[in-house]
Amino acid sequence: MKTPRRHGRRLATLLALTALALSPVVDAHAATTRVEAERATLSGGAVTATDHPGYSGTGFVGGFTDGNKGNARAAFPVTVTAGTYSLVLGYANGTGSTRTLTLTVDGGAARQVSLPATANWDSWGTSGTSVTLGAGSHSIAYTFGSADNGNVNVDYLDLVPSTPDSGSLKEAENATLSGGAFVASDHPGYTGSGFVGGYTDGNKGNARTTFQVTTTSGGQSLDLRYANGTGTAMTLSLYVDGAKQRQVSLPATANWDTWGTASETVTLSAGTHSVAYAFDSADSGNVNLDSLAVTPVVVAPPAGPGEAESAFLSGGATVATSTSGFSGSGYVTGFGTAGARVVRTVAMPATGTATATIRFANSSGASRTLAVSANGRDAGTATLTSGTGWRTTTVSVPLRANLNTLALIGTGGDVLVDSVLVTGETAVATRGATVPYTQYEAEAGSTTGTVLAASREFKTVQSESSGRRAVRLTTGQSVSVTLTKPATAIVVRYSLPDSADGAGQTAPLAVYANGTKKQDLSLTSAYSWVYGAYPYTNNPGEGNAHHFYDEVRAQLGDLPAGTVLKLQKDSGSAAYVDVDLIDAEVVPAAATAPEGALNVTAYGAVPNNGSDATAAIRSAVAAASAQGKPLFIPAGTFRITAAISVANVRIFGAGPWHTVIQGTANRGGFFATGSNVTLADLAIYGDVRSRLDNASDTGIEGNFGTGSLVQNVWIEHTKTGMWPDSGTNGLYVVGARVRDTFADGVNIHAKDGPTTNVRVDQSSFRNTGDDALAMFSEGQPVTNGAYTFNTVQVPLLANGIGVYGGTGNRAEDNLVADTVTASAGIAISTRFNPTPFTGTTSVRRNTLTRTGGYEPNWGSQLGALWIYADTKDITAPVVVSDMTITDSTYQGLLLSYQKTISGISFDRVTISGAGTYGIELNAAGSASISNTTVSGAASGGLLNSTGYTLNRGSGNSGF
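Every chain is numbered on its own, with residues counted from 1 as its sequence reads. Thresholds applied to this predicted model are a pLDDT of at least 70 for local features of residues and 80 or more for the giving and counting of side-chain atom pairs; totals over whole chains, interfaces and linings are not thresholded and use all residues. With hydrogens and water set aside, each side-chain value is computed from the structure's full complement of heavy atoms.

Visitor: Lay out the overall build of the chain with the relevant residues and their values.
Guide: Helix and strand counts for the chain stand at two helices and 81 strands. Principal-axis analysis of the C-alpha atoms gives the chain an extent of 135 × 65 × 45 Å. Per-residue burial for the chain yields a buried fraction of 56% across its 959 residues. Only heavy atoms enter the contact rule, under which two residues are in contact if any of them lie within 4.5 Å. A sequence separation of at least 24 residues applies to 75% of the contacts in the chain between residues at least 6 apart. For the charge count, each Lys or Arg is scored as positive and each Asp or Glu as negative, with His and the chain ends excluded. For this purpose, a charge sits on NZ of Lys, CZ of Arg, CG of Asp or CD of Glu. Considering the chain, the positive charge centre built from 59 side chains and the negative charge centre built from 70 side chains are found 4 Å apart. Strands are runs of DSSP state E lasting at least two residues, helices are runs of H or I lasting at least four, and both sets are numbered from the N terminus onward. Here the term buried applies to any residue with accessible area under 20% of the maximum for its type, exposed to any over 50%, and partly exposed to those in between, with areas from a 1.4 Å probe on protein chains only.

Below you can see the structure in the form of C-alpha cells.
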C-alpha cells in the first residue's frame, strides 16, 4: 500500500514539474514571452503540423477545419504576475478573407477574435487582444467555436506586458477592443507595447476601440495617434459615452510605419467617460490606432501683436515648439531655406522710422542674417548673433501711418524667431479689417431729403444699402455728416437712375465743407444697373433691375475733425441721387520710388493723356525682372488695353490715391505667371459694365508661384477683383480694397493643380457681384487658404464668404454684413462639385450682421451661416466657434440638404434675432454644440426636420 502512495507522490511531482516547464512565468515588467502552439494542450481535432514553412519553434497547430467546428482547441498554459497583457497570436490564413476564433481565459467569457487574411499559407501574421490577468496560472484557449469560421493555422502566443497608461495618454492596446479590432506590433514607431489594427473592410460596421478617460469639466482635446498608409484621407466615427459626435478625418501618413495625430475638441463634464473610435458603415476605415491623449483645451486670448507664429508664413517657415522659453504658442523656424519668410501686419499712428525688436534664438555657433522688408520694399538686414537662450536685437524700419507689413526673410542658415515688436505700434481691429477711413452712414446724418425705409426685398435699393437704409436726394436737397476724425478725401457710395438705353447717365453732386462748396462729384450709372437673368445684361428691356450702386472718390484738402460735410444735389437731369455712406480719410503724400527702381515712364508710359501704355509697361516689367530691380509706376493714370503679365518682379505705385492703372473695354489688370511677384500701392480701375466671364479681365489673377505679395491695392469695376490660381503657394494679400465688381471679390481657385497657402488679410470688400470671398476647389484642393480680418459689405449675389471643398482652410476674425440674394454670410459648401473637404475647416471669431438671403431659383431661405452638403457629404471636421450672428434675415444657422453632414462642432455661438429659426437642421448626420445661445428668433429656437443628431454639451440655451 505504501509503495503505490510513494509512486503517486512522485507522479504528481513530475506532473507539476512538467506544468512548470510548459507554463512560462511572465513578469509584468519583462519583455515579451512566447508560448509555442505545439506546446499547448490540443483537443477536438487540433494537431501539430510542419507542412508550411516560416513557423516559429518546431511546428504549428492545424486542424481548425470545418470538420472540427465547435471542437478544435489550443489551450496555452501561462503563469503571470498581475497586469494587463496583449495576447498576440501568430497565425496563417490563406483563405483570402478574414477568419475568426473564440478566445477564453480560464474558461470565462468568450471573445471572438478576427484573423485577417495573410498572403498565403506560407505567410504568417499576428492578431492581438488586450486582457487583464491576475497573478498565478491561467489557461488561454483559442477555439473554433460554433459562431466562428475558423480554417486557420496557429503558430504561437506572445504575452506582451502592456505599458501602463501615463496620465492623460491612453494606449490603444489597453483599451476595450471589439468588432475585429486587435492588438498588433508589426509596424514600428508605436508607443507603449503595440497598436490596434483590424479596421479593415471585413470589419466595417463593427471594429471599435473604446478608451476610458477621466477629465475635468470643459473643452477637451482628443489627440488620436494613428497610421494611415493608404495614400488618402480615411475616416472613423467618434463616440462619447455611446453617443456619436461626428465623423473624423485621418489624413494619409507617409506609410504604415509613420504615425500622425488627428485632434478633435469635445466638451465633457468632470468625471469618467468612454471615448470610442468606430469603423461605422459610412466610414472608410483602414487605419491603425496607437494612442489617445486627452488634454484640457485652454481658450487662449488672441496672440499678442508681435507673435511670429500668428503672422503669415511661407517658403519653408514653420511654427515649432520644441525649444522651450518662447512666448505665445510657438516660434518660427525654417529660415535655412532661402526665401522663407514671416510677414506680420503692423499698425502705426504716423509715418516715420520705427524700431523693431526681434526676439530670437541662435545656438549654431555662427551669426545668421535675415533680410528685412517693409511694405514690400527692401529695408536692410538683421544680424542675429550666436549665443545661448532667447535674446533680442533691434533694427530700424521705415513705416507709414496705418497698416504696414514687416517681413523677415531667410538668406540661408536657420534661426528661431519668437516675436517681432515695433515701438509705438497701435492695436489692429479685433474683427474685420483695420482700414484708414472712417465710415459715416447717410441715414445717421442730417438730411432735407428722404430716409428710405429699411427693406431687404431684392431689387430695391434699400436691399443693397449698408444697414438696409439710404437717403434719397432730389434737386435742392442735402445730407450732412460731422467728421469725427480729420480727413483730406472722401468716397461716396451712391445710386443714380440709369439711362433709358442702359448705357448710363451722368450727374453732379456738390460737396460742401462747413457751408463752403469744395467741388462737384461726377456721378455715373455706367457701372451699375444690370438686368435680365444671370449673368445679367445692360438691356433695361429685360427687366429685373438691380446692382444699383457705384462709388466715387475725391481729394478735398484738409478737413479737420468737427467739419460738417454736406452732399447736395444742386442740379442735373437725374431725377434723384441715393446716398448710402461716406468714407473719409487722410490720404498720404505720393510715395517716391524704391531705391534703384526702374520707372515705367523711361520705357514710354505717359500718364494722364489717354495714350495706351500697355506695351511700355510690359517692356518695363521685362527689364525690371531681368535686372532684378523694383519697378515704379509714378502718380498719374495709365491707360492699358490688355493684361500685364508679371513674374519675378516687384511693382510699386505712389499709392492707390495717386497711381491708377485704367483698363479699357473690359480689358486690363495684372496676370501672374510665376513666383516672387509684388504688386503694391496702386489702384486698378477696370472698364467692365456687365458680367462677361469669357470676355473681360480680372484685376489681379494667375499663378503667383512662391513668395508673392499684394499690398495696398484698390480695385474697382473689374469682372473679379482677384483670382489666385493653381500653382500658387505662398501669396499674402493685405490691405486691399475691392469695390463694385461684377463677379467675386476674391476667388482662391484650384483646378489644374493645388493652390496652397494663400491668405487674404486686413482687406475690405463692398458691392461685389458674386461671393465677396470664395475658395473654389474645382478639381484640385485649395489647401491652407485663409480669409482673416476682412470686412465684407453688401455682396450682391451669393455669400460674404464661400468655402467650396478643399483642405484645412480658414475663415477667421471677419465682419460680414448685408448680403442681398441667394446668400449666406458664410457658406461651407459642396455646391459646384468641388473636391471633398479634408482636414479641419476653421470658422472662428466671425461676426455676421443682417446676413442670409432668399434663393429665388430654388424658392429657398438661406441662413447667416450655411453648411450645405450638395454634391458631396461633408464629413471632415468643421470647427465653428466664437461666432456672433445678429439680425439674420432667415435662419441664424442652417444645415442642408438631405446629405450627410458630420464632424461639425459649434462652441460659443450667439444668435440674436432671426427672421425664422435660430437653428434649422435639414440633413443627415450629427454635430456637437456647446455654449450656444439663441434669442429673438421669430419662428423658434430650433427646427429639426430630418432627425439630425445634435449632441448637446453644456452652456446652451434658447433651442
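Right, picking up where we left off after that structure.
Visitor: Lay out the nonpolar core with the relevant residues and their values.
Guide: Put simply, buried Ala, Val, Leu, Ile, Met, Phe, Trp, Tyr and Cys residues joined by side-chain atoms within 4.5 Å make one nonpolar core. Ile617, Ile651 and Phe906 are the most contacted members of the largest nonpolar core, which totals 84 residues. It is strand β77 (residues 893-914) that provides the largest number of residues to this core, a total of eight residues. When sequence neighbours within four positions are dropped, the list of residues in contact with Ile617 reads Val600, Ala605, Phe638, Ile640, Ile644 and Ile661.

Visitor: Give a detailed account of the environment of Thr875, specifying residues and quantitative values.
Guide: Topologically, Thr875 is positioned in the loop between β75 (865-868) and β76 (878-888). What makes Thr875 buried here is its relative accessible area of 19%. Discounting residues that sit within four places of it in the chain, Thr875 has contacts with Gln247, Val248, Thr900, Ser902 and Gly903. N or O atoms closer than or at 3.5 Å make up a polar contact, with two conditions inside protein: a donor-capable atom paired with an acceptor-capable one, and, for residues adjacent in sequence, both atoms drawn from side chains. Polar side-chain contacts of Thr875 include one of 2.5 Å to the side chain of Gln247.

Visitor: Quick rundown of unusual backbone geometry? Include the residues and the values.
Guide: Following Tyr534, the chain continues to Pro535 via a peptide bond in cis, the omega torsion being 5 degrees. Going from Ser896 to Tyr897, the amide bond is cis rather than trans, its omega being 15 degrees. The phi dihedral of Asn666 falls on the positive side, at around 75 degrees, and the residue is not glycine. Its identity as a non-glycine residue notwithstanding, Val794 has a phi of 50 degrees, on the positive side. The topology assignment puts Val794 in the loop between β64 (791-793) and β65 (801-804).

Visitor: If you had to explain helix α2 (residues 614-627) to someone new, which residues and values would you point to?
Guide: Across its 14 residues, α2 extends 20 Å between first and last C-alpha, which sits within 8% of the 20 Å expected from 1.5 Å per residue. The complete set of buried residues in α2 reads Thr614, Ala616, Ile617, Ala620, Val621, Ala623 and Ala624. Against β45 (598-599), β46 (631-633), β47 (636-639), β48 (644-646), β49 (649-653) and β50 (659-662) lie the buried residues of α2. The first or second residue beyond α2 is Gly628, which carries a positive phi of 65 degrees. To estimate the expected span of a helix, subtract one from its residue number and multiply by 1.5 Å.

Visitor: Report on the sheet that holds strand β20 (residues 243-250), specifying residues and quantitative values.
Guide: Should DSSP find at least two bridges between two strands, the strands are taken to pair. A sheet is described by the order of its strands in space; here five strands give the open sequence β14-β17-β22-β19-β20, paired in antiparallel fashion. Where the open sheet ends on each side, the last strands, each with one partner, are β14 (176-178) and β20. On average, each strand axis in the sheet is inclined to that of its neighbour by 25 degrees, with strand direction left out of account. The pairing of strand β19 (residues 234-240) with β20 spans seven bridges and is antiparallel. Following the sheet pairing, Met234 is matched in β20 by Leu250. Axes here mean lines fitted to C-alpha atoms, for a helix over just the part in contact, with angles spanning 0 to 180 degrees between N-to-C directions.

Visitor: Which residues make up the pairing of strand β71 (residues 841-844), and what values do they have?
Guide: Of the pairings in the sheet, the one linking strand β67 (residues 810-812) to β71 comprises three bridges and is parallel in character. Within β71, the position partnered with Arg810 by the bridge is Ser842. The pairing of β71 with β76 spans four bridges and is classified as parallel. Its bridge partner lying in β76, Thr841 is registered against Val878.

Visitor: Please give an account of the environment of Leu894 that cites residues and values.
Guide: The residue Leu894 is located in strand β77 in this model. The class of Leu894 is buried, set by a relative accessible area of 4%. When the C-alpha atoms of Leu894 and Gly218 are compared, they prove to be 26 Å apart, with 676 residues separating the residues in sequence. Apart from residues no more than four positions distant in its own chain, Leu894 is found in contact with Gln861, Leu862, Gly863, Leu865, Trp866, Ile867 and Glu920.

Visitor: Describe the packing of aromatic side chains, and please don't skip the residues or the numbers.
Guide: Put simply, two rings from Phe, Tyr or Trp (the six-membered ring, in Trp's case) pair if the centres are within 6.5 Å, and we call them stacked under 30 degrees between planes, edge-to-face over 60, tilted for the rest. Summed over the entire model, instances satisfying the criterion amount to 18 aromatic pairs. A centroid spacing of 5.9 Å and a plane angle of 55 degrees characterise the contact between Tyr55 and Phe60, whose relative ring orientation is tilted. Following the ring pairs from residue to residue traces out a cluster consisting of Tyr55, Phe60 and Trp124. Here, a charge over a ring means that NZ of Lys or CZ of Arg falls within 6 Å of the ring centre while also lying within 35 degrees of the ring normal. The residue whose ring lies beneath Arg34 is Tyr156, and the NZ or CZ to ring-centre distance is 3.6 Å. Sitting above the plane of the Tyr512 ring, Lys566 keeps its charged end 4.8 Å from the centroid.

Visitor: So what about the side chain of His546? Which residues, and what values?
Guide: Its location among the elements puts His546 in the loop between β41 (516-524) and β42 (549-559). Separated by 3.0 Å, the side chain of His546 and the backbone oxygen of Asn544 make a polar contact. Residue contacts for His546: discarding those within four places in its chain leaves Phe458, Lys459, Glu464, Trp529, Val530 and Tyr536.

Visitor: Explain the pairing of strand β17 (residues 208-215) to me, and be specific about the residues and the numbers.
Guide: A regular strand carries its side chains on alternate faces of the sheet. One ladder, built from three bridges, connects β14 with β17; its direction is antiparallel. If you follow Ser178 over to β17, its bridge partner there is Arg208. Alignment of β17 against strand β22 (residues 271-278), held across eight bridges, turns out to be antiparallel. Across the sheet, Phe211 pairs through a bridge with Val275, a residue of β22.

Visitor: Which residues make up the pattern of salt bridges, and what values go with them?
Guide: The term salt bridge refers to a pairing of a side-chain nitrogen on Lys or Arg with a carboxyl oxygen on Asp or Glu at a separation within 4 Å. Overall, the coordinates contain 29 salt bridges when judged by the stated rule. Arg225 is paired through a salt bridge with Asp290; the nearest N and O atoms lie 2.5 Å apart. Remark: Asp290 occurs in strand β23 (residues 288-296) and Arg225 occurs in strand β18 (residues 218-227); sequence separation between them is 65 residues. Taking relative accessible area as the criterion, Asp290 reaches 0% and is therefore assigned buried. In this structure, Arg650 and Asp378 form a salt bridge, with 3.1 Å as the shortest nitrogen-oxygen distance. Note that Arg650 is positioned in strand β49 and Asp378 in strand β30 (residues 377-384), a separation of 272 residues in sequence. On the basis of relative accessible area, Arg650 is assigned to the partly exposed category, the value being 21%.

Visitor: Give me the environment of Ser495: which residues, what numbers.
Guide: If you trace the backbone, Ser495 turns up in strand β39 (residues 487-495). A residue is classified by how much of its surface remains accessible, and Ser495, at 1% relative accessible area, is buried. Put simply, Ser495 and Val343 are 152 residues apart on the chain and 39 Å apart in space, counted from C-alpha to C-alpha. If we skip the residues at most four places from it in the chain, Ser495 touches Val461, Trp529, Phe548, Tyr549, Tyr576, Val577 and Asp578. Only 3.0 Å separates the side chain of Ser495 from the backbone oxygen of Phe548, close enough to count as a polar contact.

Visitor: Could you give an account of the sheet that holds β41, naming the residues involved and the relevant values?
Guide: Overall, antiparallel pairing links the five strands, which are arranged β35-β38-β43-β40-β41 in an open sheet. Edge strands, defined here as strands with exactly one partner in the open sheet, are β35 (446-447) and β41. As defined by bridge partners, strand β38 (residues 478-482) adjoins strand β43 (residues 564-568) across five bridges and the pair is classed as antiparallel. Looking at the pairing, Val481 lines up with Leu565 of β43.

Visitor: Outline the side chain of Ser708, listing residues and values.
Guide: You can see Ser708 is positioned in strand β54 (residues 708-716). Once you skip the residues sitting within four places of it in the chain, Ser708 turns out to touch Arg341, Gly674, Ser675, Asn676, Val677, Gly730, Leu731 and Tyr732.

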